[in-house]
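If you want the building blocks of each chain, they are given just below.
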Amino acid sequence: AALLAVSRPRGRAIWRDGVVGGLMLVAGFGLQTEGLLTTGAANSGLITGLYVVLTPVLAVAWNRLRGPARLNPQVLVGTAVAFGGFYLLTEGFQPEVGDVLTVGAAVAFAAHIVFLSHLAHRHDLVAFTALQLAVTSAGAFAIAAFKEGWEIPDAEVIPALLITGLGASAGGFLLQIWAQSRVGAATAAIVLALEPAFAAGTAAMVTGTTLSARGWVGAGLILVAIFVVLRATAGAPEVGQEATSAH
């Protein structure tokens, strides 16, 4: 609402793209939050990090809708390594329901990165951000009402809502869209690639979450896969350029 007061969306195109982008965020955040009910914070952060691996794959899939497009073989290797890590992290493909939901969140976030890389530069930055966050907020309220009914948050929760809503979500998302209006999907993924490591480290320090030896090997493979994919996309400009062909 604060961002909408600053800049209002004008035109059908921004409304269409803003709603689609917002729904992708609803899917990503919704699946990630639901997943956290049955998986640990470390697993959630590491599995969410698969969006780095999935981003160039989805970018090429998007481009194939418009014509021929090639995927760097190293990206395929990285994808295989990442899901090998997922195999170990989930104790031999015996994931919790939350792990599977978090994979869905990673797919949604990767799709959103590709979507922004194609379309963000066409719209007013603040208005486009505000519209997507408004759709995300509306979707979150609808899901909450469906699952838990309408409840007014307690007073002690309000500061946390303001910090996470205005600072972390609106502020961080505004900066992300500004950056992605100038760079491609692969570059954006590089900048955001440290999230899994920070998530696992923070989970260990704050919540005391620990992984089994097999889980730590899986976590390491996921991080290695992210590194492989980032190197591959940095050395294969067709992936990044095709993701931002309108620039």
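See the structure printed just above.
Residues numbered from 1 in each chain as written. Predicted model: local features only at pLDDT ≥ 70, side-chain atom pairs only at ≥ 80, totals over all residues. Heavy atoms only, no water.

**Q** Help me out: how do you make sense of the environment of Thr79 in this one?
**A** Note on placement: Thr79 falls in helix α5 (residues 73-89). Accessibility expressed as a relative area gives 17% for Thr79, which makes it buried. As for Thr79 and Ile226, which are separated by 147 residues in sequence, their C-alpha atoms are 8.5 Å apart. (Helix = DSSP H or I, 4+ residues; strand = E, 2+ residues; numbered from the N terminus. Buried < 20%, exposed > 50% of the residue type's maximum accessible area, 1.4 Å probe, protein only.)

**Q** Looking at this model, I keep getting lost on a nonpolar patch on the surface. Mind explaining?
**A** On the surface, Val157, Ile158, Leu161, Leu162 and Leu166 cluster together into a nonpolar patch covering about 410 Å² of accessible area. Relative to the elements of secondary structure, Val157 occurs in the loop between α7 (125-148) and α8 (158-180). Since its relative accessible area comes to 33%, Val157 is described here as partly exposed. (Patch = residues over 30% accessible without salt bridge, like charges linked within 9 Å, V, L, I, M, F, W, Y side chains within 5 Å. Areas by Shrake-Rupley, 256 points an atom, 1.4 Å probe, with all protein chains shown as cover. Salt bridge = Lys/Arg side-chain N within 4 Å of Asp/Glu carboxyl O.)

**Q** Where do I start with the side chain of Ser117 in this structure?
**A** Relative to the helices and strands, Ser117 resides in helix α6 (residues 97-119). A polar contact of 2.9 Å, which involves the side chain of Ser117, links it to the backbone oxygen of Ile113. (Polar contact = N/O pair within 3.5 Å; in protein donor to acceptor, adjacent residues only side chain to side chain.)

**Q** Any chance you could explain the packing of helix α2 (residues 12-35) against α7 here in plain terms?
**A** To characterise two packed helices, one gives the angle between the axes of the helices and the distance between these axes. For the pair α2 and α7, interaxial distance at closest approach is 7 Å and the crossing angle is 45°. In this view, α2 runs oblique relative to α7, as classed from their interaxial angle. Crossing geometry of α2 relative to α7 is assigned as right-handed. Every residue of α7 that contacts α2 at Ile14, Trp15, Asp17, Gly18, Val19, Gly21, Gly22, Leu23, Leu25, Val26, Phe29 and Glu34 is listed here: Ala127, Phe128, Leu131, Gln132, Val135, Thr136, Gly139, Ile143 and Lys147. (Axes fitted to C-alpha atoms, helices over the stretch in contact; angles between N-to-C directions. Parallel < 35°, antiparallel > 145°, perpendicular 65-115°, else oblique. Left-handed = near helix turned anticlockwise from the far one by under 90°. Contact = heavy atoms within 4.5 Å.)

**Q** Is there a simple way to think about the nonpolar core in this case?
**A** It is characteristic of soluble globular proteins that their nonpolar side chains tend to be buried jointly. Of all hydrophobic cores here, the largest spans 27 residues; its most connected members are Leu46 and Tyr51. Excluding residues that lie within four positions of it along the chain, Leu46 makes contacts with Leu89, Pro196, Ala200, Leu211, Ala219, Ile222 and Leu223. In this structure, Phe115, Leu119, Ala127 and Phe128 belong to the second largest nonpolar core, which totals eight residues. (Core = buried A, V, L, I, M, F, W, Y, C linked by side-chain atoms within 4.5 Å.)

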